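Descriptive analysis of the structure
Residue strings, one per chain:
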Amino acid sequence: MYRFLLTPRWWGINLFVVLAIPFCVFMGTWQLGRFEDRVQTHEAAEKQPAPGTRAAKPIDDLLPVDTVTSGRPATATGRYADQFLVPGRELDDKRGFYVLNLLRTDSGKALPVVRGWLPGEPGRTTVPAAPTGEVTVTGDLQASENAGTAGADAAGGLPDGQLGIISAASLVNLVPYDVYDAWVTLQASGATGALRPVPAAAPQGTGLDLKAFQNLGYTGEWFVFAGFVLFMWFRLVRREAEAARDLKLGLVSDADAGTDAGTDAGADRAADTRPADPDDPAVRVGTV
């Protein structure tokens, strides 16, 4: 009854099932691992001391920025140079912009410093001037932004003096000197005038955000798909076996069965050596 499993068509079906189920289990396990990594990173980030309680270190000692050094107070000494406004940034559910100045250090490399946030639109709001002369700044270290950063504008086309993404890749095209692949946001004591300090953001991928729960959702989808493949295989086998059984019992014809099992059962029935019935119309047709 199950000889149809050895037919070429079923070899293809069986091969698909054998390959699909392990693949689905692997992908589901991988997505679950991604979710667990995010949970562990989130728990580790919550155990980190508050930025203001940690001692500041020179910027060069904290690079490159990772989940451990992100948010750490960093210090740098130099002179403020070019200034850029970063539009489309929200603070306390209000829309405004960051004021960013490049601090030229003694090495000639510049550190992007967000001096603070102002409400409104760039060009319509008075921006406090940056301090002159040599200054030492202390700010919370942040990694360079990318297109996935909240508030970042990767579309371009901004007016001169404005910047969509705070990153070295964007700034090197606007200034004639090297830029640190990081930036700092001044703490409350560093913001001056009407500028409001910008809180440090948690590193990307460390929070239980929508992407984390998407990984969990994908985990369930892959495991459900593996179960669906197995369920459909059993269903097809059962239907094929029932068709072969019905064909062997003469409940259906070969044309109605239309399966490999029907072919096998039909062959068995054709091999029957019972004598033909003379009264059968099929026997009388064509007789002389």
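Everything numeric in this text was worked out from a predicted model, so none of it was measured. (Residues numbered from 1 in each chain as written. Predicted model: local features only at pLDDT ≥ 70, side-chain atom pairs only at ≥ 80, totals over all residues. Heavy atoms only, no water.)

What to know about the pairing of strand β6 (residues 183-186)
Rule in force here: Residue burial is assigned from relative accessible area. The probe radius is 1.4 Å, only protein chains are included, and a residue is buried under 20% of its type maximum, exposed over 50%, and partly exposed in between. Secondary structure elements follow DSSP: runs of H or I no shorter than four residues count as helices, runs of E no shorter than two count as strands, and numbering proceeds from the N terminus. Pairing between strands is defined by DSSP: at least two bridges between the two strands are required.
Alternating residues of β6 divide into Trp183 and Thr185 and Val184 and Leu186, and every residue in both groups is buried. Relative to β6, strand β4 (residues 110-119) runs parallel, the two being bridged by two bridges. Paired with Val114 across the bridge in β6 is Thr185. As paired strands, strand β5 (residues 134-142) and β6 are joined by four bridges and run antiparallel to one another. What sits directly across from Gln142, in β6, is Trp183.

With respect to the side chain of Thr105
Put simply, the test is: Contacts: residue pairs with any heavy atoms within 4.5 Å of one another.
Mapped onto the elements of the fold, Thr105 is located in strand β3 (residues 94-105). Given the relative accessible area of 13%, Thr105 is considered buried. If we ignore the near neighbours within four places in the chain, the residues touching Thr105 are Thr77, Gly78 and Tyr180.

Some remarks on the environment of Arg196
Positionally, Arg196 belongs in the loop between β6 and α3 (210-248). Along the sequence, Arg196 and Gly116 sit 80 residues apart, while their C-alpha atoms lie 5.0 Å from each other.

Topic: a nonpolar patch on the surface
Our working rule: A patch is a set of surface residues, each over 30% in relative accessible area and not in a salt bridge, joined within 9 Å for like charges and within 5 Å for the nonpolar side chains Val, Leu, Ile, Met, Phe, Trp and Tyr. The protein chains shown are the only cover counted for residues, whose accessible areas, like all others here, come from Shrake-Rupley with a 1.4 Å probe. Between Lys or Arg on one side and Asp or Glu on the other, a salt bridge is scored when a side-chain nitrogen of the former is within 4 Å of a carboxyl oxygen of the latter.
A contiguous nonpolar patch, built from Leu15, Val18 and Leu19 and spanning about 310 Å² of accessible area, is present on the exposed surface. Position of Val18 relative to the elements: it lies in helix α1 (residues 8-47). By relative accessible area, Val18 is classed as exposed at 56%.

Concerning the nonpolar core
Where we set the bar: Only buried residues count toward a nonpolar core. Its members are Ala, Val, Leu, Ile, Met, Phe, Trp, Tyr and Cys residues joined through side-chain atoms within 4.5 Å.
Ranked by internal contacts, the top residues of the largest apolar core, which has 18 residues, are Phe84, Tyr98, Leu100, Leu102, Val114 and Ile166. Breaking this core down by element, the ones donating at least two residues are β2 (73-91), β3, β4 and α2 (168-171). In contact with Phe84, other than residues within four places in its own chain, are Tyr98, Val99, Leu100, Leu102, Gly161, Gln162, Leu163, Leu171, Leu174 and Val175. Core analysis: the next-biggest nonpolar cluster, separate from the first, contains 16 residues, Leu103, Ala130, Val135 and Leu186 among them.

Observations regarding the packing of aromatic side chains
Any pair of aromatic rings gets described here by the distance separating the centres and the angle formed by the planes. Counted only if it meets this: Planes of paired rings set the category: under 30 degrees apart is stacked, over 60 is edge-to-face and the rest tilted, where pairs are Phe, Tyr or Trp rings (Trp by its six-membered ring) whose centres lie within 6.5 Å. Criterion for a charge above a ring: Lys NZ or Arg CZ within 6 Å of the ring centre, and within 35 degrees of the ring normal.
Tallying each qualifying case throughout the model produces two aromatic pairs. On the numbers, 5.6 Å between centres and 85° between planes, the contact of Phe23 with Trp222 is edge-to-face. Residue Phe23 is located in helix α1, and its partner Trp222 is located in helix α3; the two are separated by 199 residues in the primary sequence. Phe23 gets classed as partly exposed once you look at its relative accessible area, which sits at 45%. Pairing Trp233 with Phe234 gives two aromatic rings, centres 5.1 Å apart and planes at 75°, and the pair type is edge-to-face. One cation-aromatic arrangement involves Arg104 over Tyr177; the distance from NZ or CZ to the ring centre is 4.0 Å. Note that Lys109 overlies the ring of Tyr180, its terminal NZ or CZ placed 4.9 Å from the centroid.

Topic: unusual backbone geometry
A cis amide bond links Leu63 with the next residue in sequence, Pro64, at an omega value of -5°. Looking at where Pro64 falls in the secondary structure, it is placed in the loop between β1 (57-58) and β2. Even without glycine at this site, Asp92 takes up a positive phi of about 55°. One can find Asp92 in the loop between β2 and β3.

Looking at the pairing of β5
When β2 meets β5, the two strands line up antiparallel, connected through seven bridges. Looking at β5, one finds that Arg79 is bridged to Glu134.

Everything listed here is a matter of coordinates, which is why it stays silent on function.
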